Amino acid sequence: MNRFSLSVSAVIARVTESAFGPYQTAVIRIGFSLTWLLFLLRELPHREELYGPDGPWSWELARRLIDGNGAFTALMWSDGRAWFEAVYGLAVLASVLLLLGWRTRTMSVLFMVGVLSLQNRSVFVGDGGDNVLHLMSIYLVFTRCGQVWSLDARRARRADEARARGERVTDRVGPALWGVFGVVLVAAAGTGRFDGDWTVPAILWATWAAQGLWWAVGRLTTSPEPRILLDVITNILHNGALLVIMAEACLIYATAGWYKIQGSRWQDGTAVYYPLHLDYFSPWPALGDLMSASGTMVMIVTYGTVLVQVAFPFTLVNRRVKNVLLVAMMTEHAVIAVVLGLPFFSLAMIAADAVFLPTPFLRRMGGWVVRVREAILSRDGAAVPEQRDARTSEDAEPSRVGFTA
Amino acid sequence: MDAYDGGSDAPREAEAEAAPEPGTGRPTDMPSAKDPLPGAPAEIADARLRPEPGHLAAPAPEPRTGVAALSPRYQIGAALALAVVAIAVCVHIGMVFLHVAPSNTVSKTHGEAIDEYIYPEFEQNWKLFAPNPLQQNIAVHVRADIRAADGAERTTGWYDLSAQDGRNIDGNLVPSHTQQNELRRAWDFYVGSHDSDNRSVGPRSALSEEYLRRIVVLRLERGGAAGDGGVIERVQVRSRTTNVEAPPWSADKVSSTPVFRVLPWWSVPAAEAEGGVK
């Protein structure tokens, strides 16, 4: 074999035998679900005005729009108040459970349903942050984002320990969840609720079928090969989705950067001055005045913004430069959160940036969190958790049967 | 995938920091050959911990996972899955790229196919403050014809709803979408579906009118504009566009005279005027 085919087979071996970036996918899972959760909680008092059946964008207006574009939203399944409240509540619940990594795959699907249901119901109240969450909630479904820092990982570890002691481990929650979702899917399809665009219903059916298959193969086959094959396919999907997530982040920066280059205000170095003086984006007018007091300062920030956004995708080939830009972009988004009053947009972008964070840093960060938790727990006199790191062999062990696929 | 820092030139000190504690797994993408595996318990010595393919000299005691563990029959299945996912990923990234890129040779030829793929769920727009940031404050004002409880008719003065939003955003760490996006984007929606003479262009113009009307009626109701027992019979909306002053260090001169755009009166359906919007 020549070198080329050797390296091709090495790449194939890697993308099939493992799900890349366990820490990166876990951190974006936590980041996006936390952003959406905080947003839902913040808008709790305004939920009816934004998404309710009698809000300014009424159910009837939404129906006329969605009849045309076929976007997926469970909120159009009924115009009742109770249904609206139930969907909003489920969206909150799915965010919490995805954040914790409980039945991660199922929750990622439910999270997607929550995000799309609310956002597609009222497309005219969203902004860039909603757009990021919209896309990422779909991509997350295809990842194994609960490999670390999740209740699933802890459950898998405990199951492994129990098996090592010779105990029998049976999972009842997984099949029960699967059954419930099956009933819901059949009911929704049977009553014509999936008649719009087919993308989201297809994802729902496919994940449901895949989980059933995963369980059946683990239960019913004696040969390990079907299980390994499913594991391989799951890894391939995960790695593909991770690539899409990274490409999406690059496209966001590239688009934002390259279009700016064409703008006269970005060229003459005054662009950053203007948003700071828009009534809708200046929660701290005094801060805006302060920041725009120096023309040189404004120009440096203006040019720096364009430079960082345009350069970022190209710096991925060099780890050190990439990390420097990553810090710059996260800082800029943190500043935007406060100065332009866009906290949820900024949080979503920071979460998206986090997919590029280096593994050693993420592991260290995980260590800090554990230490803080232990410090708090031991102060309360509670027992210290036995395990410091949640990473387990959950997904790599093909003999495992469960609903985490 | 260098973005994961999986390359072989990871800084030594970073590795030392991240050296696995006993009983701790190692990330996939840490270089494995430099520091030999610690005496890890058997259950974590899974496939991910094996040396990378470049370092096959190291022993690989565990049974293989991935395609190597499969018989040729199953390998075909894996190869098929790999091909399908690879194509899907390429198509998706390509479509999204063409969707966000400026109109070009390819997107003009295949515009319909791209739209068919992108809409409704993958629609996106990342021209954030680009090509130029907005340089005008656009405020939406509203006034109403009110029929009071005693039957008397009167017309209110103009209420500056955007100024209300602005006040609610001032000093607010977490502005609500109702304050920052609702009215602002409803106005954009209206402007986008009407020409400068307020004639409808496009099929969504009726939606935008009704949406804007419902927002202003809601705000008027909340503000108690109709008074006790009064009913809002008609509303009129206008916009007031003011240029942001040029920066003090700039030689640019912009007009500071506001420009108004006045919309026709809209009558308010009875149900809506009686608190139908929440």
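Numbering of residues begins from 1 in every chain and follows the order in which that chain's sequence is written. Ligands are numbered from 1 and chains lettered from A, in the order in which they are written. A pLDDT threshold of at least 70 governs which residues receive local features in this predicted model, and a stricter bar of 80 or more applies before side-chain atom pairs are shown or counted, although totals over entire chains, interfaces and linings include all residues. Here the side-chain values reflect all heavy atoms present in the structure, with hydrogen atoms and water set aside.

In the annotation of an unreviewed UniProt entry, chain A is listed under the name HTTM domain-containing protein and assigned to Streptomyces aurantiogriseus.

J.: Explain the environment of Ala144 of chain B here, please?
T.: Residue and element names in this part refer to chain B. Turning to its location among the elements, Ala144 is positioned in strand β1 (residues 136-147). What makes Ala144 buried here is its relative accessible area of 0%. Distance from Ala144 to Gly111, taken between C-alpha atoms, is 44 Å for residues 33 residues apart in sequence. Any two residues whose heavy atoms approach within 4.5 Å are treated as being in contact. Excluding its chain neighbours within four sequence positions, the residues that come into contact with Ala144 are Arg154, Thr155, Thr156, Leu220, Ile232, Arg234, Val235 and Trp265. Helix and strand definitions follow DSSP, with helices as H or I runs of at least four residues and strands as E runs of at least two, each counted in order from the N terminus. For every residue, the accessible area (1.4 Å probe, protein chains only) is compared with the maximum for its type, and the residue is labelled buried under 20%, exposed over 50%, or partly exposed between those bounds.

J.: How should the domain arrangement of chain B be read in this particular structure?
T.: Often, the extent of an interface is quoted as the loss of accessible area upon association of its parts. How far each domain reaches was decided by an automatic or database domain assignment. Split into domains, chain B comes out as domain 1 (1-63), domain 2 (68-118) and domain 3 (136-276). Relative to domain 3 of chain B, the C-alpha centre of domain 2 of chain B lies at a distance of 44 Å.

J.: Would you take a moment to explain the pairing of strand β4 (residues 231-243) of chain B for this structure?
T.: On a regular strand, one side chain projects to one face of the sheet and the next to the other, so that they alternate. Residue and element names in this part refer to chain B. Relative to β4, β1 runs antiparallel, the two being bridged by twelve bridges. Its bridge partner lying in β4, Asp145 is registered against Arg234. Looking at chain direction, β4 and strand β6 (residues 266-267) are connected through two bridges and run antiparallel. Within β6, the residue paired with Val235 across the bridge is Trp266. At least two bridges found by DSSP between two strands is the condition for calling them paired.

J.: Is there a simple way to think about the interface of chain B and chain A in this case?
T.: Counting residues at the interface gives 110 residues for chain B and 126 residues for chain A. Accessible-area loss on putting two parts together, using a 1.4 Å probe and summing over both, is the definition of buried area adopted here. Between chain B and chain A, roughly 10300 Å² of surface is buried when both sides are summed, and carbon and sulfur atoms account for 61% of that area. Each salt bridge in this description consists of a side-chain nitrogen of Lys or Arg and a carboxyl oxygen of Asp or Glu lying within 4 Å of one another. Inspection of the region where chain B meets chain A yields three salt bridges. By the criterion applied in these results, polar contacts are pairs of N or O atoms within 3.5 Å in which, for protein atoms, one can donate a hydrogen and the other can accept it, and in which residues neighboring in sequence qualify only through two side-chain atoms. Remark: the boundary between chain B and chain A carries 35 residue pairs in polar contact (both at pLDDT 80 or more). Listed by contribution, the elements that provide at least two residues to the side of chain B that touches chain A are α1 (12-17), α2 (72-100), β1, α5 (161-169), α6 (177-180), α7 (182-192) and α8 (205-222) of chain B. For the side of chain B that touches chain A, the element with the most residues is α2 of chain B, which contributes twelve residues.

J.: Got a minute to help me understand the UniProt feature "domain: HTTM-like" (unreviewed entry) in chain A in this structure?
T.: The UniProt record annotates "domain: HTTM-like" (unreviewed entry) at residues 17-361 of chain A. Helix and strand shares over residues 17-361 of chain A are 72% and 0% respectively, and the end C-alpha atoms of the span are 24 Å apart. UniProt positions are given in the numbering used here, feature names are shortened, and annotations may be inferred rather than shown by experiment.

J.: Could you clarify how one ought to interpret the confidence of the model for chain B in this entry?
T.: In low-pLDDT segments, the atomic positions of the prediction should not be examined closely. Residue and element names in this part refer to chain B. The share of residues in chain B with pLDDT of 70 or more is 77%, and the mean pLDDT across the chain is 82. The element-level mean pLDDT for chain B is lowest in α1, coming to 39, with strand β3 (residues 159-160) highest at 98. Between residues 1-61, whose pLDDT stays under 50, and residues either more than four places distant or in other chains, the model counts 116 contacts. Taken together, the chains of this predicted complex give a pTM of 0.87 and an interface ipTM of 0.92. The pLDDT value expresses, per residue, how confident the predictor is, ranging between 0 and 100.

J.: Would you mind showing me how to read the packing of helix α7 (residues 128-140) of chain A against helix α11 (residues 225-261) of chain A here?
T.: In a pair of packed helices, the angle between the axes and the distance between the axes together describe the arrangement. All names here are of chain A. To obtain an axis, a line is fitted to C-alpha atoms, over the contacting stretch when the element is a helix, and the angle between two such axes runs from 0 to 180 degrees between their N-to-C directions. Running from N to C, α7 and α11 cross one another at 165 degrees; their axes reach a closest spacing of 10 Å. Relative to α11, the element α7 lies roughly antiparallel. The two elements α7 and α11 cross, and the hand of that crossing is right-handed. For the pair formed by α7 and α11, the contact residues are Val132, Leu135, Met136 and Tyr139 on the first element and Ala241, Val244, Ile245, Glu248 and Ile252 on the second. Throughout, the term roughly parallel applies to angles under 35 degrees, roughly antiparallel to angles over 145, roughly perpendicular to angles from 65 to 115, and oblique to all others. Helix crossings are classified by the rotation of the near helix relative to the far one: an anticlockwise turn of less than a right angle makes the crossing left-handed, while a clockwise turn makes it right-handed.

J.: Looking at this structure, how should I read the UniProt feature "transmembrane region" (unreviewed entry) in chain B?
T.: UniProt records the feature "transmembrane region" (unreviewed entry) at residues 76-98 of chain B, using the numbering of this structure. Measuring from the first to the last C-alpha atom of residues 76-98 of chain B gives 33 Å, for a span that is 100% helix and 0% strand.

J.: Just checking my understanding: could you explain the UniProt feature "transmembrane region" (unreviewed entry) in chain A for this structure?
T.: Residues and elements named next belong to chain A. UniProt feature "transmembrane region" (unreviewed entry): in the numbering of this structure it lies at residues 82-102, 132-152, 173-192, 198-217, 229-256, 290-312 and 324-352. In residues 132-152, helix accounts for 52% and strand for 0%; the two terminal C-alpha atoms are 26 Å from one another. End C-alpha to end C-alpha, residues 229-256 measures 40 Å, and it is 100% helix and 0% strand.

J.: Any chance you could explain the packing of aromatic side chains here in plain terms?
T.: Two aromatic rings, drawn from Phe, Tyr or Trp (for Trp, its six-membered ring), form a pair once their centres lie within 6.5 Å of each other, and the interplanar angle then sorts them: stacked below 30 degrees, edge-to-face above 60, tilted otherwise. Taken as a whole and assessed by the stated rule, the structure comprises 25 aromatic pairs over all chains. Seen in terms of ring centroids, Phe84 of chain A and Tyr88 of chain A are 6.1 Å apart; in terms of plane orientation they differ by 55 degrees. Their pairing is tilted. A residue pair is termed a helical-turn pair when its members lie 3 or 4 positions apart in one helix, as Phe84 of chain A and Tyr88 of chain A do in helix α5 (residues 81-100) at four residues. Both residues of the pair, Phe84 of chain A and Tyr88 of chain A, count as buried. Each ring, one from Phe124 of chain A and one from Phe189 of chain B, has its centre 3.9 Å from the other, and the planes form 15 degrees; the classification is stacked. On the criterion of chain membership, the pair formed by Phe124 of chain A in the loop between α6 (104-121) and α7 and Phe189 of chain B in helix α7 is interchain, its members lying in two chains. Following the ring pairs from residue to residue traces out a cluster consisting of Trp57 and Phe124 of chain A together with Phe189 and Tyr211 of chain B. We call a charge positioned over a ring when the NZ of a Lys or the CZ of an Arg lies within 6 Å of the ring centre and within 35 degrees of the ring normal. The ring of Trp102 of chain A has Arg103 of chain A sitting right over it, with the charged end atom 5.8 Å from the ring centre.

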